[in-house]
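# Inside the fold
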Amino acid sequence: MEVFLRWFFGLGIFALGIGWLFTSIFLKVVRRFVSSKAAERRETKRYDEIMTPLDVPSWLVGLIERTFFTILVAFNMSATSVAMVGWVTVKMLYNWNILLREREDITIRSLAFSALLGNVVSMLFALIGGLICRGSI
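Criteria and cut-off values
- Residues numbered from 1 in each chain as written.
- Predicted model: local features only at pLDDT ≥ 70, side-chain atom pairs only at ≥ 80, totals over all residues.
- Heavy atoms only, no water.
- Helix = DSSP H or I, 4+ residues; strand = E, 2+ residues; numbered from the N terminus.
- Buried < 20%, exposed > 50% of the residue type's maximum accessible area, 1.4 Å probe, protein only.
- Contact = heavy atoms within 4.5 Å.
- Areas by Shrake-Rupley, 256 points an atom, 1.4 Å probe, with all protein chains shown as cover.
- Lys, Arg positive; Asp, Glu negative; His and termini not counted.
- Charge placed at Lys NZ, Arg CZ, Asp CG, Glu CD.
- Patch = residues over 30% accessible without salt bridge, like charges linked within 9 Å, V, L, I, M, F, W, Y side chains within 5 Å.
- Salt bridge = Lys/Arg side-chain N within 4 Å of Asp/Glu carboxyl O.
- Phe/Tyr/Trp six-rings, centres within 6.5 Å; stacked < 30°, edge-to-face > 60°.
- Polar contact = N/O pair within 3.5 Å; in protein donor to acceptor, adjacent residues only side chain to side chain.
- Axes fitted to C-alpha atoms, helices over the stretch in contact; angles between N-to-C directions.
- Parallel < 35°, antiparallel > 145°, perpendicular 65-115°, else oblique.
- Left-handed = near helix turned anticlockwise from the far one by under 90°.
- Nonpolar A, V, L, I, M, F, W, Y, C, P; charged D, E, K, R; others polar.

With that settled, the discussion passes to the overall build of the protein chain. What the protein chain contains, in helices and strands, is five helices and zero strands. Taken over the C-alpha atoms alone, the protein chain extends approximately 55 × 25 × 25 Å along its principal axes. Across the 137 residues in the protein chain, those meeting the buried criterion constitute 34%. Of the contacts formed within the protein chain by residues at least 6 apart in sequence, a portion of 78% connects residues at least 24 apart. Accessible surface for the protein chain amounts to roughly 8800 Å². Of this, 69% is attributable to carbon and sulfur atoms. Positive and negative charge centroids in the protein chain, built from 15 and 10 side chains respectively, lie 4 Å apart.

Rendered as structure tokens:
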């Protein structure tokens, strides 16, 4: 029963539930700030273009990535941290390859950085949730 409770709380409640809620709120706060700065610079059109959602819902991507990495941490798989960094890198390059161009405006770079921060927060919840599942916390 103890193992079930650790997994229920670590994966279900902490990594997926609280992780989703906190990451979502965090991104809304950061992006609201970016939006207000974009309005000051008269870059709201660029902001709206970039914020057009993908066909794959972001909550689904977060759910899958936090589940996957929570399980890897829980089973103490080797190179989990490398896989986490690799995943964040692939996501950033795929979704925000505009960072590779030198002269993009500050709004686009700020939104890309907010995505990176959101990924780090999401991975933190997967890490802690996995440690709870493992019984290390």
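Together, Met1, Phe4, Leu5, Phe8, Phe9, Ile13, Ile18 and Phe22 make up a nonpolar patch on the protein surface, roughly 830 Å² of accessible area in all. Relative to the assigned elements, Ile13 resides in helix 1 (residues 2-40). Take Ile13: its relative accessible area is 33%, and that puts it in the partly exposed class.

Attention now goes to the packing of aromatic side chains. Under the definition given, this model contains six aromatic pairs. Seen from their ring centres, Phe9 and Phe14 are 6.4 Å apart, and the 45° between their planes marks the pair as tilted. Judged by relative accessible area, which is 38%, Phe9 ranks as partly exposed. Ring geometry for Phe14 versus Phe125: centroids 5.1 Å apart, planes at 35°, classification tilted. Here Phe14 is found in helix 1, whereas its partner Phe125 is found in helix 5 (residues 106-134), with 111 residues between them in sequence. An aromatic cluster is built from Phe9, Phe14, Phe22 and Phe125, whose rings are joined through pairwise contacts.

Here the focus is the environment of Glu43. One can find Glu43 in the loop between helix 1 and helix 2 (44-50). By relative accessible area, Glu43 is classed as buried at 16%. C-alpha of Glu43 to C-alpha of Thr107: the two residues are 64 residues apart in sequence and 7.0 Å apart in space. If we ignore the near neighbours within four places in the chain, the residues touching Glu43 are Ala38, Asp105, Ile106 and Thr107. Within polar-contact distance, the side chain of Glu43 engages the side chain of Arg41 at 3.4 Å.

Attention now goes to the pattern of salt bridges. The final tally for this structure, using the stated rule, is five salt bridges. With a closest N to O distance of 3.2 Å, Arg6 and Glu2 form a salt bridge. Separated by four residues within a single helix, Arg6 and Glu2 lie in helix 1, roughly one turn from each other. Residue classification places Glu2 among the exposed residues on the basis of a relative accessible area of 56%.

Considering the arrangement of structural elements, one finds Arg31 in helix 1. The charged side chain of Arg31 is buried without a salt bridge, its nearest counter-charge being Glu65 at 11 Å.

For the pair helix 4 (residues 80-95) and helix 5, interaxial distance at closest approach is 11 Å and the crossing angle is 155°. Taken together, the axis directions place helix 4 and helix 5 in an arrangement best described as roughly antiparallel. As helix 4 runs across helix 5, the sense of the crossing is right-handed. Residues Met84, Trp87, Val88, Lys91 and Met92 of helix 4 form the contact with helix 5, whose participating residues are Ala112, Ala115, Leu116, Asn119, Met123, Ala126 and Leu127. Here the contact of helix 4 with helix 5 is composed, by residue class, of ten nonpolar, one polar and one charged.

The values are spatial; any link to function lies outside them.
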